[in-house]
Amino acid sequence: MTHCGQTERTPKQERAIRTRRRILECAATLFDRYGYSATTVDDMAKEAHVTRGALYYHFRDRQAVAAAIFEAQFEGMSVPLQNLRVQELVDAGYLLVYGLRINPIQRGAARLTMEQGADRVERTRAMQLWIEFVESILSEAQKQGEVRPEVEVKRASRYFVAAFAGVQNMSQAFTNRSDLDEYMTDMWQYTLPAIVTDDVMAKLMLAPERGAQLARHGIALAS
């Protein structure tokens, strides 16, 4: 059934959507494995089992593929509503960690963001989107009295994104991110007390397995 104003997709359109997604996932896998500079358009087409023409139908060049991966990393990521806004921020971090284990798009986006190559990929947009996301939650949390009034939310948001980039990079280097959920828990435990009130800190659920629990149930867990 379709809603008013919507039309059903044709089989051709559905195939095009699936092909585009496959190209993105395969390209992200290659970027994660080899890096942007070492991955060619031919590599992406071969990995996705499409022709160069099919790839260029969806993306004008390799840079466009990378940009689409940055955008796609936010698709389908839904943070459950909680009584505490800070818990939503914590949960977003755990869900991101979980996604980095199982989602090729998020893994590829992470590798692209961390690379410091001399190419034309615009990496700052992905970081800025995360900073804005964190800032929106912390701003509301501060209005609700969860975040200490003296905290500069904009700077705190920037720091959290920078801190996560650091722990993600370290976990990747040592264990291929297998212990990233533990790094995430340590990051929250050692940084949140500086910005949230003591009573809020005592109520937060910080556990390495929380991301998997949230993803598995697909519903808000009581905080």
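Residues numbered from 1 in each chain as written. Predicted model: local features only at pLDDT ≥ 70, side-chain atom pairs only at ≥ 80, totals over all residues. Heavy atoms only, no water.

Another point: the overall build of the chain. In terms of regular secondary structure, the chain is built from 11 helices and 0 strands. Mapped in sequence order, the helices and strands of the chain form the string α-α-α-α-α-α-α-α-α-α-α. The burial tally for the chain puts 45% of its 223 residues in the buried class. Taking contacts inside the chain between residues at least 6 apart in sequence as the whole, the part at least 24 apart equals 68%. (Helix = DSSP H or I, 4+ residues; strand = E, 2+ residues; numbered from the N terminus. Buried < 20%, exposed > 50% of the residue type's maximum accessible area, 1.4 Å probe, protein only. Contact = heavy atoms within 4.5 Å.)

The subject of this paragraph is the pattern of salt bridges. Using the criterion set out here, one finds 12 salt bridges in the structure. The residue E25 makes a salt bridge to R21 at a minimum N-O spacing of 3.2 Å. In this pair, E25 and R21 both sit in helix α1 (residues 11–34), 4 residues apart, roughly one turn of the helix. Its relative accessible area of 32% is what places E25 among the partly exposed residues. A salt bridge links R210 to D91, with the nearest nitrogen and oxygen atoms 2.4 Å apart. Residue R210 is found in helix α11 (residues 210–217), and its partner D91 is found in helix α5 (residues 85–102); the two are separated by 119 residues along the sequence. With a relative accessible area of 1%, R210 lands in the buried category. Taken together, the shared-partner salt bridges connect D32, R107 and R177 into one network. (Salt bridge = Lys/Arg side-chain N within 4 Å of Asp/Glu carboxyl O.)

What follows deals with the nonpolar core. In this structure, V86, L138, F160, F164, M187, W188 and L192 are the most contacted members of the largest nonpolar core, which totals 35 residues. Only α5, α7 (124–143), α8 (153–175), α9 (180–191) and α10 (198–203) provide two or more residues apiece to this core. Every residue in contact with W188, bar those within four places of it in the chain, is listed here: L89, V90, G93, Y94, F160, P193, M201 and L206. Core analysis: the next-biggest nonpolar cluster, separate from the first, contains 27 residues, C26, Y36, V50 and A109 among them. (Core = buried A, V, L, I, M, F, W, Y, C linked by side-chain atoms within 4.5 Å.)

Take the confidence of the model for the chain next. Averaged over every residue, the pLDDT of the chain is 88; residues scoring 70 or more account for 91%. Mean pLDDT per element in the chain: α11 is the minimum at 85, and α10 is the maximum at 97. Contacts from residues 219–223, a stretch scored under 50 in pLDDT, to residues over four places away or in other chains number 17 contacts. (pLDDT = per-residue confidence, 0-100.)

So, about unusual backbone geometry. Positive phi is not limited to glycine here, since N176 has a value of about 55 degrees. Looking at the element boundaries, N176 is found in the loop between α8 and α9. One non-glycine residue, R177, lies in the positive phi region at around 70 degrees. On the secondary structure map, R177 appears in the loop between α8 and α9. When its relative accessible area of 3% is taken as the criterion, R177 is described as buried.

Let's shift gears to the packing of aromatic side chains. Enumeration according to the criterion identifies 4 aromatic pairs in this entry. With a centroid separation of 5.5 Å and 40 degrees between ring planes, the pair formed by F31 and Y36 is classed as tilted. For the pair formed by F31 and Y36, the shared burial category is buried. Summarising the aromatic geometry, the rings of Y159 and F160 are spaced 6.3 Å apart at their centres and angled 55 degrees between planes, so their arrangement reads as tilted. When its relative accessible area of 5% is taken as the criterion, F160 is described as buried. Among the aromatic residues, those joined into a ring-pair cluster are Y159, F160 and W188. A cation sits over an aromatic face here: R62 above Y36, 4.0 Å from the ring centre. (Phe/Tyr/Trp six-rings, centres within 6.5 Å; stacked < 30°, edge-to-face > 60°. Lys NZ or Arg CZ within 6 Å of the ring centre and 35° of its normal.)

It is the contact of α1 with helix α6 (residues 104–114), at a shortest axis distance of 7 Å, that shows an interaxial angle of 45 degrees. When the axis of α1 is compared with that of α6, the two are oblique. As for the relative orientation of α1 and α6, their crossing is left-handed in sense. Between α1, through R21, L24, E25, A28, T29, F31, D32, R33 and Y34, and α6, the contact on the second element is made entirely by P104, I105, R107, G108, R111 and L112. Here the contact of α1 with α6 is built from residues that sort into 7 nonpolar, 2 polar and 6 charged. (Axes fitted to C-alpha atoms, helices over the stretch in contact; angles between N-to-C directions. Parallel < 35°, antiparallel > 145°, perpendicular 65-115°, else oblique. Left-handed = near helix turned anticlockwise from the far one by under 90°. Nonpolar A, V, L, I, M, F, W, Y, C, P; charged D, E, K, R; others polar.)

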